[in-house]
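Each chain, written out:
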Amino acid sequence: MLLCIDTGNTNTVFSIWDGRKFLAHWRISTDHRRTADEYFVWLSTLIEGQKFGLEINACIISATAPRVVFNLRVLCSRYFDTRPLVVGKPDCLLPVPPRVDAGTSVGPDRLVNTVGAFDRHGPDLIVVDFGTATTFDVVDKDGAYIGGVISPGVNLSLEALHMGAASLPHVDVTMPAKVIGTNTVACLQSGIFWGYIGLVEGIVQHIRTERHRPMKVIATGGLAPLFDQGFDLFDTIEDDLTMHGLRLIHDYNKEMGNG
């Protein structure tokens, strides 16, 4: 049994792979103060609730919030008697290393998404991930991550507006009925929704122009379906892309005698 852990800036997702399929996905808020013991109590309760007879014997971690890694390592070693692979660390091998400027540290989530997307969709991809940040990852013909774009995430942008302008309320992200809002909430919703539609369209077009080739656009992240309402922004949406990539990286390391 493989435990895959994807830690983002906002949430952490735990998934269990039984060798054929993912049995379950559980989500918890990311908090660097949460101890290994707290993780175990929470996770073991969920496992027992699902009536799984599980014996986890391998773990892999992707963490964009570095301060949580220590306690996740302790969780894996203390309670599952396994040394976890941590994506982005030198001892975690990738099928194809990233090609970026020397000294550049690539977010592990971007590396994992690259591996997962290339396995499912082949070369020449743009992976758009709607997380705390909205990222665009470019996948080359051999599956290498070769760079991309980072922009503020949808909810982060809304929070910044709310915090920076006292008179503006916090609103839900939704597709507005009209572009021209006739009240403050409608104006904000239109600005966020149509603003991000334009952001995605513009950045994708510029990447394709710069690469001089057609490129498929793969979307992931919780808000991806919101922006896929008949606008042909994406070729497909993958809600489990990160977990798929983590499983592939674990398998690759095992094949190489590193797991």
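The structure displayed is predicted, hence computed values, not measured ones.

The rules behind each value
Residues numbered from 1 in each chain as written. Predicted model: local features only at pLDDT ≥ 70, side-chain atom pairs only at ≥ 80, totals over all residues. Heavy atoms only, no water. Axes fitted to C-alpha atoms, helices over the stretch in contact; angles between N-to-C directions. Helix = DSSP H or I, 4+ residues; strand = E, 2+ residues; numbered from the N terminus. Parallel < 35°, antiparallel > 145°, perpendicular 65-115°, else oblique. Contact = heavy atoms within 4.5 Å. Nonpolar A, V, L, I, M, F, W, Y, C, P; charged D, E, K, R; others polar. UniProt positions renumbered as here; feature names shortened; annotations may be inferred. 1 Å grid on protein atoms, 1.4 Å probe; cavity = no way out; pocket = protein on both sides within 12 Å on 5 of 7 lines; lining within 4 Å. Buried < 20%, exposed > 50% of the residue type's maximum accessible area, 1.4 Å probe, protein only. Expected span 1.5 Å × (residues − 1).

Asker: It is not clear to me how the packing of helix H3 (residues 108-121) against helix H6 (residues 241-255) should be interpreted in this structure. Could you clarify?
Answerer: If you want to describe how two helices pack, look at the angle between their axes and the distance between the axes. Look at H3 against H6: their axes get within 7 Å of each other, and the N-to-C directions meet at 90°. Here H3 is positioned roughly perpendicular relative to H6, judged by the angle of their axes. For the pair H3 and H6, the contacting residues are Val-112, Asn-113, Val-115, Gly-116, Ala-117, Asp-119 and Arg-120 in the first and Leu-241, Thr-242, His-244, Gly-245, Leu-246, Leu-248 and Ile-249 in the second. Grouping the constituent residues of the contact of H3 with H6 by class yields seven nonpolar, five polar and two charged.

Asker: Would you take a moment to explain the UniProt feature "binding site: substrate" (unreviewed entry) in the protein for this structure?
Answerer: The feature "binding site: substrate" (unreviewed entry), as given by UniProt, occupies Gly-107, Pro-108, Asp-109, Arg-110 and Thr-184 in the numbering adopted here. Across 78 residues of sequence, these annotated residues are also dispersed in space, with a maximum C-alpha separation of 38.2 Å. In this structure, the largest pocket is lined, among the annotated residues mentioned, by Gly-107, Asp-109 and Arg-110. When you line up the elements, Pro-108 lands in helix H3. Leave out the neighbours within four places in its chain, and Pro-108 touches Ser-62, Ala-63, Thr-64 and Val-87. Mapped onto the fold, Arg-110 is located in helix H3. Classification of Arg-110 by relative accessible area gives buried; the value is 9%. Among all residues touching Arg-110, those that are not within four sequence positions of it are Thr-135, Phe-136, Asp-137, Tyr-145, Gly-148, Val-149 and Ile-150.

Asker: What is the right way to look at helix H2 (residues 69-80) in this model?
Answerer: Because the α-helix completes a turn every 3.6 residues, residues three or four places apart line up on one side. An ideal rise of 1.5 Å per residue puts 16 Å on 12 residues; H2 measures up with 16 Å between its terminal C-alpha atoms. Along H2, the residues that are buried comprise Val-69, Asn-71, Leu-72, Val-74, Leu-75, Cys-76 and Phe-80. On the buried face of H2, the contacting elements are strand S1 (2-7), strand S2 (11-17), helix H1 (36-49), strand S4 (58-63) and strand S5 (85-86). Backbone geometry just after H2 places Asp-81 at a positive phi near 50°.

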